[in-house]
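Here is how the chains run, residue by residue.
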Amino acid sequence: MNIGDRVRLVHGREEGIITKVLPNNIVEVEIEDGFRIPIKRSEAVVINELESKVFKPQPIVATTFEPQRTSYDRFQTPTADVLANKGIYMAFVPVNDRELSQYLINNTDWDLPFMLSVGTDPHHKGLASGMLKAKTHIKVQQVFVQDFENWGTFTFQAFFFRLAFMQLKQPLLKAMKFRINTFFKNKQKAPLINQDAHLFQLDSEDVTTPVKIEPEKIVEKMFEKQSAVEKLPLPSKPSKVVDLHIEELTNDHFTMSNRQMLELQLSTFERQFEAAIANGMDEIIFIHGVGNGVLRNELHKRLSGYKNVKYFEDSQKEKFGYGATKVKIK
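Residues numbered from 1 in each chain as written. Predicted model: local features only at pLDDT ≥ 70, side-chain atom pairs only at ≥ 80, totals over all residues. Heavy atoms only, no water.

Things to note about the pattern of salt bridges
Within this structure, the stated rule accounts for 14 salt bridges. Here D196 makes a salt bridge to K189, at a shortest N to O gap of 3.9 Å. The salt bridge involving E313 is made with K326; its shortest N-O contact spans 3.4 Å. Residue E313 is found in strand β17 (residues 309–314), and its partner K326 is found in strand β18 (residues 324–329); the two are separated by 13 residues along the sequence. (Salt bridge = Lys/Arg side-chain N within 4 Å of Asp/Glu carboxyl O. Helix = DSSP H or I, 4+ residues; strand = E, 2+ residues; numbered from the N terminus.)

Thoughts on unusual backbone geometry
In this structure, N24 takes a positive phi of about 60° despite not being glycine. Assessed through its relative accessible area of 73%, N24 is described here as exposed. A positive phi is found at K135, a non-glycine position, where the angle reads about 60°. In this structure, K135 sits in the loop between β9 (123–132) and β10 (136–144). On the accessibility criterion, K135 (23% relative accessible area) is partly exposed. (Buried < 20%, exposed > 50% of the residue type's maximum accessible area, 1.4 Å probe, protein only.)

Details of the packing of helix α5 (residues 258–278) against helix α6 (residues 294–303)
Relative orientation of the contacting elements α5 and α6 amounts to 35°, with a least axis distance of 11 Å. Here the hand of the crossing between α5 and α6 comes out right-handed. Contacts between α5 and α6 involve L262, Q265, L266, F269, E270 and F273 from the former and V294, L295, E298, L299, R302 and L303 from the latter. Broken down by class, the residue content of the contact of α5 with α6 amounts to 8 nonpolar, 1 polar and 3 charged. (Axes fitted to C-alpha atoms, helices over the stretch in contact; angles between N-to-C directions. Left-handed = near helix turned anticlockwise from the far one by under 90°. Contact = heavy atoms within 4.5 Å. Nonpolar A, V, L, I, M, F, W, Y, C, P; charged D, E, K, R; others polar.)

Topic: the sheet that holds strand β7 (residues 99–106)
Ordered by their spatial adjacency, 5 strands build an open sheet running β10-β7-β6-β14-β13, and the pairing between neighbours is antiparallel. The two strands at the open ends of the sheet, each matched to only one other strand, are β10 and β13 (187–189). Between one strand axis and the next, the sheet turns through 40° on average, direction left out of account. The pairing of β7 with β10 spans 8 bridges and is antiparallel. (Pairing = 2+ DSSP bridges.)

Considering the nonpolar core
Core analysis: the largest hydrophobic core is formed by 28 residues, its most contacted members being F92, L104, W151, F156, F178 and F183. Counting residues per element, the ones that place at least two in this core are β6 (88–94), β7, β8 (112–120), β9, β10, β11 (154–158) and β12 (172–176). Of the residues forming this core, the biggest block, 4 residues, is contributed by β8. F178 has contacts with M90, F92, F148, W151, F154, F183 and F200, leaving out every residue within four places of it along the chain. (Core = buried A, V, L, I, M, F, W, Y, C linked by side-chain atoms within 4.5 Å.)

Re α5
Note: α-helices contain 3.6 residues per turn, so residues at a spacing of three or four share the same orientation. Taking 1.5 Å of rise per residue, the 21 residues of α5 would be expected to cover 30 Å, and the 30 Å separating its terminal C-alpha atoms lies within 8% of that figure. Phi for G280, located one or two positions after α5, is positive at around 75°. (Expected span 1.5 Å × (residues − 1).)

Regarding α6
The set of residues buried in α6 consists of L295, L299, H300 and L303. Mapping the buried residues of α6 onto a view down its axis gives an arc of 130°, with all of them on the same face. Of the surrounding elements, those touching the buried residues of α6 are α5, β16 (283–287), β17 and β18. (Arc of directions from axis to C-beta.)

Notes on the packing of aromatic side chains
Overall, the coordinates contain 19 aromatic pairs when judged by the stated rule. On the numbers, 6.0 Å between centres and 10° between planes, the contact of F269 with F273 is stacked. Of this pair, F269 and F273 both sit in helix α5, 4 residues apart, which is roughly one turn of the helix. Both residues of the pair, F269 and F273, count as buried. Put simply, the rings of F92, F148, W151, F154, F178, F183, F184 and F200 pair up and form one aromatic cluster. (Phe/Tyr/Trp six-rings, centres within 6.5 Å; stacked < 30°, edge-to-face > 60°.)

Let's talk about the pairing of strand β1 (residues 6–9)
Residue alternation in β1 divides its side chains into a buried set, V7 and L9, and an unburied set, R6 and R8. Pairing analysis gives 3 bridges linking β1 to strand β2 (residues 15–22), with the strands arranged antiparallel. From the neighbouring strand, R8 faces β2, where its bridge partner is E15. Remark: 5 residues form the turn of the hairpin made by β1 and β2, two consecutive strands paired antiparallel.

Rendered as structure tokens:
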């Protein structure tokens, strides 16, 4: 069960839309008149789209004469009592141990004119655009695990559209940059595709999809043989000394604003530091320069939040002054 799925209550006649996935196998369902109720997963059954069309009872018509439709009527389409307003995902489906298929999934009742790009201003590259119809998905591209560090930041933009009178919804704008230490742990069955995938919700304040915990399967999973797909290579081991001067990171720095240069320097720092942790390095040095101290202060602020940091200090003062920081890794 996922956000946006239409469900029927097992011990009742109500139908509704899943709006939240809560801990302890609880989901929040919005039924008629906007009421939301928390129920156990076992108390709800997902309604197949074909089933709802075939078995949904039709109202008894009192007359065989159909009234003439007016120009006003033709803009109104039959709508469900409850709309699935959330349930937009980005999914990465493993093809093998080296390659993933990237999908966009629309599990809502809205059509989405959309655009997906990768990069940062002013260097965005378009990946896909068009109309993502309600309850459908599209494949965007194939990506390689070995290029994970170079995937960049994905930006998804969309409007909400229905051929009906409606209250306008705010456009959706979501930027996502993945980290290797969390990306591959976030795996579950993707809606509509019905395949195991690394799944991320785009229309949630928190892009981390709730993890489904089933205690009864813990022992089984402990002894389950790990598949070849999950045996992923470590990121490349970084150099012991990483130079963060902007001219060392890009040739396009003349066209970049100060904010863009700082973002590139910080993203390089995070990527190289996480790679150092993953490769078991005991220390790494970042050369950030003295300048106005903004980059140095931001590095120290972020290092203070890492649990893997034993300590950090200014390094090689005789050579760099206060322009380099050595990080000791636990």
